[in-house]
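# Structural overview for review
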Amino acid sequence: MSNNGNLKLAIQKSGRLSENSLQLLKNCNLDIEKFNDRLVVSIRNFKLDLLFLRDDDIPEYVQDGVAELGIVGQDVLYETKADVKVVKKLGFGRCSLRIAIPENDDLRDIEDLNGKRIATSFPNILRDFLKQNKIDAKIVNISGSVEAAPSLGIADYICDLVSTGNTLKLNKLKSSISVLESEAVLIKNKNLKNHSDKYQIFLKLLSRIESVLNANNSKYIMMNVPKNSLNDILQIIPSLKSPTVLPLADDESLAVHAVIPAEKFWEIVDDLKSAGASGILLLPIENIII
Ligand code: ATP
Ligand code: MG
């Protein structure tokens, strides 16, 4: 691999985290070369190289310093037990590692796991979970199609990633206890020296990522309000900073602009209308530098 002084970031080559990882980097205004099937690709306008890998390999590559940074699911990170620093949760790739049981079975209490055989491809996470809860169960380690294990008779229950539950249903299973709630995280090699050039590149990249994440979580809301409703409207808006209030030409109404948490919009829109707001616009924000 070329030693060009660039920081190296490992991301999943093809899978559930790939698209979101690339989109995050593009939103950071990184100009990514066409990569087709290449393992390493340089960013044209930033001192960064991307390494495209199987997600299972990313934690160890970052631990060993092959790449200084990586983007990987917490599930895979904890399973590999790699010694790296978690820098930031990235808000995508959310899924849940859960115990699932046959539809006609009943799990009233975590204690009911005692004596059961549980199939999983996350033996380390499951072992820690059982230990923490003082459960004595047998872990059946299989690498793929875990959900078939109960009907094949090789396990009573499974411990697997669940999002919609459709795969479980197809196999006549239902989701039960949560073992781990996971999302994608940015990880960093622990030996990256604080004053090195690469560390400076890392800090720059991190501040861009933070600005994109802040912007993803926020929206810009604009509306017209009658002058005499202004106080009511300001009470309703969960603004990050004080809203901007501007006079309008008609002399009877005002324009109110504010940055709000994206998830609040549908909670407040009816209240805003009842309080007299009209022409409500909700706009995306590209970046927020705090
Ligand atoms: P690879 O070929 O790179 O080893 P994989 O098949 O092991 O890929 P994927 O299925 O692409 O892995 O999942 C990658 C990560 O995406 C998982 O480790 C998990 O963190 C997350 N993930 C898994 N299932 C979902 C889901 N349904 N929705 C969102 N994220 C998920
Ligand atoms: Mg994998």
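Residues numbered from 1 in each chain as written. Chains lettered and ligands numbered in written order. Predicted model: local features only at pLDDT ≥ 70, side-chain atom pairs only at ≥ 80, totals over all residues. Heavy atoms only, no water.

### Brief notes about the site of ligand 1
Heads up, the condition is: We define proximity as follows: a residue is near a molecule or strand when any one of its heavy atoms falls within 4 Å of that partner. In protein, a polar contact requires one atom able to donate a hydrogen and another able to accept it; more generally it is a pair of N or O atoms within 3.5 Å, and residues adjacent in sequence count only if both atoms are side-chain atoms. Under the convention used here, a 1.4 Å probe and the Shrake-Rupley method define accessible areas, while residue burial counts only the protein chains that appear. Amino acids are sorted into nonpolar (Ala, Val, Leu, Ile, Met, Phe, Trp, Tyr, Cys and Pro), charged (Asp, Glu, Lys and Arg) and polar (every other residue, Gly among them).
The environment of ligand 1 is made up of 15 residues, and the closest members are Arg16, Arg54, Asp55, Asp56 and Ser163. One nitrogen or oxygen atom from the side chain of arginine 54 is found 2.7 Å from an oxygen atom belonging to ligand 1. At 2.7 Å, a side-chain N or O of aspartate 55 approaches an oxygen atom of ligand 1. For ligand 1, whose accessible area on its own is 640 Å², the fraction buried by protein is 76%. Along the lines of polarity and charge, the residues of the shell around ligand 1 split into four nonpolar, five polar and six charged.

### Structural notes on the pattern of salt bridges
A side chain with one charge may pair with a side chain of the opposite charge, provided their charged atoms come close. Rules: Only one rule defines a salt bridge in this text: a Lys or Arg side-chain nitrogen within 4 Å of an Asp or Glu carboxyl oxygen. In this description a helix means any DSSP run of H or I spanning at least four residues, a strand means any run of E spanning at least two, and both kinds are numbered starting from the N terminus. Only protein chains enter the area calculation, which uses a 1.4 Å probe; residues under 20% of their type maximum are buried, those over 50% are exposed, and those in between are partly exposed.
For the structure shown, the criterion picks out 13 salt bridges. A salt bridge links glutamate 183 to arginine 94; the shortest N-O distance between them is 3.9 Å. Here glutamate 183, found in the loop between β10 (173–182) and β11 (184–188), pairs with arginine 94, found in the loop between β5 (85–89) and β6 (95–102); they are 89 residues apart in sequence, far enough to count as distant. On the basis of relative accessible area, arginine 94 is assigned to the exposed category, the value being 59%. Between aspartate 156 and arginine 117 there is a salt bridge; the shortest N-O distance is 3.2 Å. Taken as a pair, aspartate 156 in the loop between α5 (149–152) and β9 (157–162) and arginine 117 in strand β7 (residues 117–120) lie far apart in primary sequence, 39 residues in all. Residue classification places aspartate 156 among the partly exposed positions, given a relative accessible area of 25%. With a relative accessible area of 30%, arginine 117 lands in the partly exposed category.

### Let's talk about the coordination of the magnesium ion (ligand 2)
What counts here: Distances decide who is a donor: an N, O or S atom must be within 2.8 Å of the metal, or within 3.2 Å for Na, K and Ca. Water is not included, so sites may look incomplete.
Within the protein, Asp55 (OD) and Asp56 (OD) serve as the donor atoms for the magnesium ion (ligand 2), at 2.1 Å. Aspartate 55 gets classed as buried once you look at its relative accessible area, which sits at 18%. Residue aspartate 56 is classed as partly exposed on the basis of its relative accessible area, which comes to 40%.

### Some points on the domain arrangement of the protein
Put simply, the rule is: Bear in mind that the domain bounds are from an automatic or database domain assignment.
Parsing the protein into structural domains produces domain 1 (7–92 + 184–215), domain 2 (95–182) and domain 3 (218–284). In this structure, domain 2 and domain 3 have C-alpha centres spaced 47 Å apart.

### Some details on the side chain of glutamate 68
Rules: By definition in these notes, contact holds between two residues if any of their heavy atoms fall within 4.5 Å.
Note that glutamate 68 resides in the loop between α2 (58–63) and β4 (69–73). Polar side-chain contacts of glutamate 68 include one of 2.7 Å to the backbone nitrogen of lysine 8. Apart from residues no more than four positions distant in its own chain, glutamate 68 is found in contact with Leu7, Lys8, Val62, Ile187, Lys188, Asn189, Leu192 and Lys198.

### Notes on the sheet that holds strand β15 (residues 278–284)
Note on sheets: strands pair through backbone hydrogen bonds, and any given pair is parallel or antiparallel. Filter applied, for reference: Strand pairing is assigned whenever DSSP identifies at least 2 bridges connecting the two strands. Every axis in this analysis is a line fitted to C-alpha atoms, fitted for helices over the stretch in contact. Angles between the N-to-C directions lie between 0 and 180 degrees.
Sheet architecture is open: four strands sit in the order β13-β14-β12-β15, paired in antiparallel fashion. Sheet topology places β13 (244–247) and β15 at the edges, where each strand pairs with a single neighbour. The mean inter-strand angle of the sheet, taken between neighbouring strand axes irrespective of direction, is 20 degrees. Bridging between β13 and strand β14 (residues 253–261) involves four bridges; their strand directions are antiparallel. Looking across to β14, one finds that valine 245 is bridged to valine 256. Packing of helix α9 (residues 265–274) onto the sheet brings it into contact with β12 (218–226), β14 and β15, and relative to β15 it is tilted by some 160 degrees.

### A look at the nonpolar core
Rules: Side-chain atoms within 4.5 Å link the members of a nonpolar core, which is a set of buried Ala, Val, Leu, Ile, Met, Phe, Trp, Tyr and Cys residues.
Among the nonpolar cores identified, the biggest contains 31 residues, and Leu9, Leu48, Leu50, Ile71 and Leu90 are the most heavily contacted of them. Contributing elements (two or more residues each) for this core: β1 (7–12), α1 (18–27), β3 (48–53), β4, β11 and α7 (197–216). In this structure leucine 50 touches Leu9, Ile11, Leu22, Leu25, Ile32, Leu39, Val40, Val41 and Ile43, once residues within four positions along its chain are discounted. Core analysis: the next-biggest nonpolar cluster, separate from the first, contains 17 residues, Leu97, Ile118, Leu126 and Cys159 among them.

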